[in-house]
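Listed below, chain by chain, are the residues.
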Amino acid sequence: MKFSSLLLFATVLLLPAAVLSTNAAEESSEVPPTRQLLPNGSECSESSQCDSGCCVWNPFANEVCDDDAWYRDCMEEDYTFVYADLTSNTGSTCASTTGTAADTTVTDETSVLIMTYNLYLILLASDGPASLDDRADRIAAWFAQSPEGGTYDVVAFQETWVAPDTIRDGMIAAGYCHYVYDDRGTLGSGLALYSKHPIERHDFRGYQNACASVDCAVDKGVSYVRINKDGTMINVFNTHAMFSVDNHDVRKRQYDVMRTYIDEQNIQDELVLMVGDFNEDKINTPALYDTMLSDLAAQDFVLDQDSITVYSYDPVTNDLIDPESAGAGSVQQALDHILYDDSDGAIAPGSGSTCEYLTPKDSDGKDLSDHFPMSCDVMFGENLVVAASSDSSGSSQSLLGSNSSLWLLSRVALAAALGAALTAFEYS
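These figures come from a predicted structure and were not determined experimentally.

Conventions we followed
- In this convention, every chain numbers its residues from 1, walking through the sequence in written order.
- Two thresholds apply to this predicted model, a pLDDT of at least 70 for residue-level local features and 80 or more for giving and counting side-chain atom pairs, whereas whole-chain, interface and lining totals are computed over all residues.
- Here the side-chain values reflect all heavy atoms present in the structure, with hydrogen atoms and water set aside.
- Helix and strand labels come from DSSP, where a helix needs a run of H or I of at least four residues and a strand needs a run of E of at least two; each type is numbered from the N terminus.
- For each residue, the accessible area found with a 1.4 Å probe, counting protein chains only, is set against the maximum for its type, and the residue is called buried under 20%, exposed over 50%, and partly exposed in between.
- Per-residue and other accessible areas follow the Shrake-Rupley method at a 1.4 Å probe size, with only the shown protein chains counted as cover for residues.
- Contacts are residue-level and defined by heavy atoms, with any inter-residue pair within 4.5 Å sufficient.
- For two strands to count as paired, DSSP must find a minimum of two bridges between them.
- Under this scheme, a helix contributes an axis fitted over its contacting stretch, all axes are lines through C-alpha atoms, and angles between N-to-C directions fall in the 0 to 180 degree range.
- When two cysteine sulfur atoms lie within 2.5 Å, the pair is treated as a disulfide.

Participant: So what about the overall build of the chain? Which residues, and what values?
Facilitator: Secondary structure assignment for the chain yields six helices and 16 strands. Across the 428 residues in the chain, those meeting the buried criterion constitute 54%. When the accessible area of the chain is evaluated, it comes to approximately 17,500 Å², of which 50% is carbon and sulfur surface.

Here it is in C-alpha cells:
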C-alpha cells in the first residue's frame, strides 16, 4: 500500500469519529473554547497523553485535543467479553473438575498442554478481506478435525478480530467447551481463550494510553483466565503487544501494565503463565527479548530440539506472508511466546517442561495464519497446591458502561469507515 493510499485511508478513517466528538463538545456547556472533553468528561492534556489516561492520536502529528483528533475512551466498564460453559448443553467431550483436597500436592507427571496462536484474522490481511471467512472456517476445521487440534488443555488466540463466532463454533466442535472471547470484532482486543477445563474467573485490562500509531485504533490489552484442571489452578494471561521492533519503548509500557495487573491478582501457590504475540524477537534482538523477560519478571521454557522451526513468523516458508504488504516484514522472527511467572514467591513449573513451534496446514497444505503457534507441555511443580473449586464468573455477559454511548457511536463509525476504505482499496 503506497503512502498516498495510507494517507487517504487514514483521513477517511478519522472523519466520522472527529465529527462525533465535535458534536458532543458543542452540546456541553463546560467545554473550554480551545480544548475539548473526552466522552468520560475528563479534559485532555496538551500532548498525546491525556490526563484521564486515554490516548489521542491522528496521522498528521497534531496530537492535541482539537476538533480533528480521534478520542479513544478507555473506561474499564466499556470492555465486552463473552464467557460460556457449555458442558451442560453440548455433546462435545470436555474435561471435568475433581475438586480434590486443598492441601494435596501433585507430581511432575501432571501437566497442562497449552497453545498460543495469532490467527491473522484482520481486515488488512494479505489474502484480502473477502477470504477471511473462508480461512476462519479452515482454522476451525483444523482444531475440530485434525488429530492434533483437539488435544490441548488450553488454547489462547490473538487477532480474532474477524469471524470470532466461526472460531468459537470450531473450538466447541473440538471439545473446548469453556471459553472467553472479545466479541467487539474490529473494535476490540482480538483476544480469545478456549479450554477443556472449567474457567473459574476471567477479567481484562486494557493497555489504554500505552500504544502508538494505528495500534491505538484497537483495544489491545491483557485477558486473564483462571482455569481449574482437576482441582489444579492455572492462571493464564493472554496478550498481543505493540507491533514492530522499533516500538520496544511502547511495549515496555505495556509490560508494566501487564506485570502490575498480574500482581494485583495476588495469586498464591498457583501456576501463572503469560502467553501471546509479544512482538519481541528472541532470535534477532535477544537483548530486547531479555529486557522483556526482566520487565515481566518472567522466564521462558526450553524449546524442544525436535521443534519443526525456531520461528513463529517466517516469510521464507509461510505462504500467507507477503513481504510487500502493509505491516509485513521479510525477516524470520520468533515473536510468539509462552512464559511463566518468575517473580519472588511465584510457583515455578516442574522440570521437563518443553515448548515447540508448530506449522498447521489445511487439507490443501496451505498455512492458516501468517504466524505459527507455540505449544508448551508445562509440568506442574512439586510445590503446586491443588485448590478447591471457586465460584465462576457467571454466564455470558456484555459489560457496556452507562457513559459509553459516544464511545460506541464513534467506534461503530470507525468500523464502517474502515470497511468502506478497505473494500475500495481491495477492488480498485
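Participant: Give me the lowdown on helix α3 (residues 164-173), citing residues and values where you can.
Facilitator: Given 3.6 residues per helical turn, the α-helix brings residues three or four places apart onto the same face. Every buried residue belonging to α3 is among P164, I167, R168, G170, M171 and I172, and all of these are buried. As for α3, its buried residues are in contact with β4 (111-121), α2 (132-145), β5 (154-160), β6 (178-182) and β7 (192-195). Note on α3: the residue one or two positions beyond its end, G175, has a positive phi of about 95°.

Participant: I'd like a description of the sheet that holds β6, backed by residues and values.
Facilitator: Pairing in this open sheet of eight strands is mixed, and the strands run β3-β6-β7-β5-β4-β16-β15-β13 from one edge to the other. In this open sheet, the two edge strands, each paired with only one partner strand, are β3 (81-85) and β13 (302-303). As defined by bridge partners, β3 adjoins β6 across five bridges and the pair is classed as antiparallel. Bridge pairing links V82 to Y181 in β6. The sheet strands contacting α3 are β4, β5, β6 and β7, and the helix crosses β6 at an angle near 170°.

Participant: Give a description of the state of the cysteines that names residues and reports values.
Facilitator: Summed over the entire model, instances satisfying the criterion amount to two disulfides. The side chain of C211 participates in a disulfide bridge whose partner is C216; the two sulfur atoms lie 2.1 Å from each other. Because the sign of the S-S torsion sets the handedness, a value of about 105° for the bond joining C211 and C216 places this disulfide among the right-handed ones. Each member of the pair C211 and C216 is classed as buried.

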